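Letter by letter, the chains look like this.
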Amino acid sequence: MDPSRITLRKFRPTDADDLFSWAGDDQVTRYLRWKTLESKQEALTFIEEVCMPHPWRRSICIDDCSVGFISVFSGSGEDRCRADIGYAVAVEFWGQGIASKAVEMAIPQVFQDFPELVRLQAYVDVENKASHRVLEKAGFSKEGLLRKYFYLKGRIKDLVVYSILSKDESI
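Treat the numbers as computed from the prediction; the structure is a model and nothing was measured. Within any chain, residue numbers begin from 1 and follow the written order of that chain's sequence. Confidence filtering applies because this is a predicted model: local features only for residues at pLDDT of at least 70, side-chain atom pairs given and counted only at 80 or more, and all residues used for totals across whole chains, interfaces and linings. Only hydrogens and water are removed before side-chain values are computed, so all heavy atoms of the structure are retained for them.

1. Topic: the pattern of salt bridges
One side chain can pair with another of opposite charge once the charged atoms of both are near each other. Whenever Lys or Arg places a side-chain nitrogen within 4 Å of a carboxyl oxygen from Asp or Glu, that contact is recorded as a salt bridge. For the structure shown, the criterion picks out 14 salt bridges. Between Arg9 and Asp15 there is a salt bridge; the shortest N-O distance is 2.7 Å. Comparing Arg9 with Asp15, the two get one shared label, buried. Type-normalised accessible area, obtained with a 1.4 Å probe on protein chains alone, sets the label of each residue: buried when under 20%, exposed when over 50%, and partly exposed for intermediate values. For Arg9, a relative accessible area of 13% corresponds to the buried category. What emerges from the salt-bridge pattern is a single network uniting Arg30, Asp125, Glu127, Arg155 and Lys157.

This is the structure in structure tokens:
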């Protein structure tokens, strides 16, 4: 995959078909907290009510077609020094370096958009080896294991914590 074809942009209502094509796939949503979308209308509603108002949710695009997302949830108050990042990519684009490239592209923008941010972190299901590789390729450091840390779709899960600090980046 030519990395110049990969862009990050805000979601638009016209992304509903693309969003449904990948967010309607159980393989893609397996490790996400949100449920698999069941219709194009549900995808449109999700874009309008969740994606567009979100302070930092971007569509991962190839040739301006949505193939995934990146979201950043920043802390506030005394937690404003950190933010959580999450992402997913359509199955047909797995293993092509797209998620890693998108995360790499997002990092400097996130630190720029949130000036008080010092730490960007990710919590990854211990079983999601591909996501571990994405973060490592993007420069995140593995910090440790959180045993039986949270419920995901009815099962209690172990998570691995990754982070990157603003000083780790040449912004």
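2. Details of the environment of Ile62
With respect to the element layout, Ile62 can be found in strand β2 (residues 57–62). A C-alpha to C-alpha distance of 28 Å links Ile62 and Val126, two positions 64 residues apart in sequence. Between two residues, a contact is recorded if the distance between any of their heavy atoms is within 4.5 Å. Those residues in contact with Ile62 that lie beyond four places of it in its chain are Met1, Arg5, Ile6, Val67, Phe93 and Ile98. Each helix corresponds to a stretch of at least 4 residues labelled H or I by DSSP, and each strand to a stretch of at least 2 residues labelled E; elements are numbered beginning at the N terminus.

3. As for the packing of helix α4 (residues 98–113) against helix α5 (residues 129–137)
Throughout, an axis means a line fitted to C-alpha atoms (over the contacting stretch in the case of helices), and angles, computed between N-to-C directions, take values from 0 to 180 degrees. Contact geometry of α4 with α5 gives a least axis separation of 8 Å together with a crossing angle of 40°. The angle between α4 and α5 falls in the class oblique. Seen along the crossing, α4 lies across α5 with a hand that is right-handed. Residue-level contacts link Ala99, Ser100, Val103 and Glu104 of α4 to Arg133, Val134 and Lys137 of α5. Taken together, the residues of the contact of α4 with α5 sort by class into three nonpolar, one polar and three charged. Here the angle decides the label: under 35 degrees means roughly parallel, over 145 means roughly antiparallel, 65 to 115 means roughly perpendicular, and every other value means oblique. For a crossing to be left-handed, the near helix must be turned anticlockwise from the far one by less than a right angle; the clockwise case is right-handed. Residues are grouped as follows: Ala, Val, Leu, Ile, Met, Phe, Trp, Tyr, Cys and Pro are nonpolar; Asp, Glu, Lys and Arg are charged; every other residue, Gly included, is polar.

4. With respect to the packing of aromatic side chains
Note on ring pairs: Phe, Tyr and Trp rings are taken, using the six-membered ring of Trp, and paired if centres are within 6.5 Å. Classes follow the plane angle, with under 30 degrees stacked, over 60 edge-to-face and the rest tilted. For the coordinates displayed, the defined rule picks out five aromatic pairs. Aromatic ring contacts, followed pair by pair, group Trp22, Trp34, Phe46 and Phe69 into a single cluster. Above the face of the Trp56 ring, Arg58 is positioned so that its terminal group lies 4.3 Å from the ring centre. Charge-over-ring contacts are defined here by two conditions on Lys NZ or Arg CZ: a distance within 6 Å of the ring centre and an angle within 35 degrees of the ring normal.

5. Re unusual backbone geometry
The phi dihedral of Asp63 is positive, around 50°, even though this residue is not glycine. Tracing the backbone through its elements, the reader meets Asp63 in the loop between β2 and β3 (65–74). The backbone of Lys153 shows a phi angle near 50°, a positive value even though the residue is not glycine. Along the chain, Lys153 falls in the loop between β6 (141–152) and β7 (155–165).

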